Amino acid sequence: MNVVARLFGNVMGVLSVILYFINTVFWVIPIVLLSFLKLIPIKIWRTALSYPLDGCATSWITVNNINQNIFSRTKIEVTGTESLTLQDWYLVIANHQSWVDILILQRVFNHKIPFLKFFLKQELIWVPFLGIAWWALEFPFMRRYTKSFLAKNPHLKGKDLETTQKACEKFQTKPVSIMNFVEGTRFTPEKYQRQSPSFQHLLKPKAGGMAFVLSAMGTQLHKLLDVTIYYPQGIPTFWDFVCGKVKSIKVHVSVTPISELLQSDAFAKDYFDNPAQRVIFQRWLNSVWTEKDRRIEQMSAEQ
């Protein structure tokens, strides 16, 4: 019986992956076509095109969610999303354990907040097809200079942030959700041990990426969404998920007004120039992760 169940799961997984592929190709075609139309340098034209582009991306997620309901049949228990709207500007942070996290975040927030977007390295704009699609979908591209480069070119200090701020000006009139995995990488037992563990279930958070987003967009953002993702059966692979082996997932969302953070001692505009301020912000982020670690322990105890 186990062999039959495993075979059935693998067949469902193959069918699910095929549907993911067909759905992705289907929506990438109009996104790329609209991307080329968006190259016309007329502001009102570009703004108008951003709506059907985001609509294509949202529809892509909607069909992916239907795929999951048919093949994966995973039950997702979500708390904390009652106050979310499509009219607010969000910064979303979450613990990161698997590529499945991205599918779950898209599923949980689809039609609840604006389409999730990631800060991308400037070089990625040259990736064939995807680069122009990310640009058209208004994924913010950032340019970060290394300390050694700035030491040789001190006149460029602050230019990376200035360039990113300019790139984010388009978000002043259109709501957006910016996603940031502050741990910087997916959780694995090996990475966990190498870090001299400070938490029971999490890797150490890194404040730099989040600070960069807040520095570039702080006054534009309305709310911070701190997402805790917990897999009761253990951290799954993408294949586990599409084969229906992930029976349940727990997700909790904590909402904090960005204005509270910007007005507190935790964050200041001189973050990148003031070592003491960086320590304060890192301590605040560590406290957020301590609460997240406690919440995951509680979720585990409730099984």
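In what follows, the accompanying structure is described. The structure displayed is predicted, hence computed values, not measured ones.

1. Overview of the overall build of the protein chain
Turning to step 1, where the next piece is worked out: Scanning the protein chain from terminus to terminus reveals eleven helices and eight strands.
Turning to step 2, where the next piece is worked out: For a compact globule of 303 residues, the expected C-alpha radius of gyration is about 19 Å, and the protein chain comes in at 20 Å, within 12% of that figure.
Turning to step 3, where the next piece is worked out: Expressed as a percentage of its 303 residues, the buried residues of the protein chain come to 45%.
Turning to step 4, where the next piece is worked out: Long-range contacts, defined as pairs at least 24 residues apart, comprise 75% of the intrachain contacts of the protein chain with a sequence gap of at least 6.
Turning to step 5, where the next piece is worked out: Of the roughly 15,900 Å² of accessible surface on the protein chain, a fraction of 63% belongs to carbon and sulfur atoms.

2. So, the sheet that holds strand β7 (residues 223-230)
By definition, the strands of a sheet pair up through backbone hydrogen bonds, in either a parallel or an antiparallel sense.
Turning to step 1, where the next piece is worked out: Here we have six strands laid out as an open sheet, ordered β1-β8-β7-β2-β6-β3, and mixed in their pairing. Only two strands of the sheet have a single neighbouring strand rather than two, namely β1 (75-79) and β3 (116-118). Sheet twist, expressed as the mean angle between neighbouring strand axes with direction ignored, is 30°.
Turning to step 2, where the next piece is worked out: Pairing between strand β2 (residues 90-94) and strand β6 (residues 177-180): four bridges, direction parallel. Its bridge partner being in β6, tyrosine 90 is matched across the sheet by serine 177.
Turning to step 3, where the next piece is worked out: This element, helix α3 (residues 100-109), spans β1, β2, β3, β6, β7 and β8 (248-257) of the sheet and lies at about 125° to β7.
Turning to step 4, where the next piece is worked out: On top of the sheet, helix α11 (residues 275-301) reaches β2, β7 and β8; it is set at about 40° to β7, its chief contact.

3. Notes on the nonpolar core
Turning to step 1, where the next piece is worked out: Among the nonpolar cores identified, the biggest contains 34 residues, and Leu91, Met210, Leu214, Met217 and Phe281 are the most heavily contacted of them.
Turning to step 2, where the next piece is worked out: Elements that contribute at least two residues to this core include exactly β2, α8 (207-217), β7, α10 (258-263) and α11.
Turning to step 3, where the next piece is worked out: If you tally residues by element for this core, the top one is α8, at eight residues.
Turning to step 4, where the next piece is worked out: Non-local contacts of phenylalanine 281, meaning those with residues more than four positions away in its chain, are made with Ala207, Met210, Ala211, Leu214, Leu261, Ala266, Phe267 and Tyr271.
Turning to step 5, where the next piece is worked out: In terms of nonpolar packing, the next biggest core, distinct from the first, is built from 27 residues, Ala94, Val108, Val251 and Val253 among them.

Each value, and the rule that gives it
Residues numbered from 1 in each chain as written. Predicted model: local features only at pLDDT ≥ 70, side-chain atom pairs only at ≥ 80, totals over all residues. Heavy atoms only, no water. Helix = DSSP H or I, 4+ residues; strand = E, 2+ residues; numbered from the N terminus. Rg over C-alpha atoms; globule rule 2.2 N^0.38 Å. Buried < 20%, exposed > 50% of the residue type's maximum accessible area, 1.4 Å probe, protein only. Contact = heavy atoms within 4.5 Å. Areas by Shrake-Rupley, 256 points an atom, 1.4 Å probe, with all protein chains shown as cover. Pairing = 2+ DSSP bridges. Axes fitted to C-alpha atoms, helices over the stretch in contact; angles between N-to-C directions. Core = buried A, V, L, I, M, F, W, Y, C linked by side-chain atoms within 4.5 Å.

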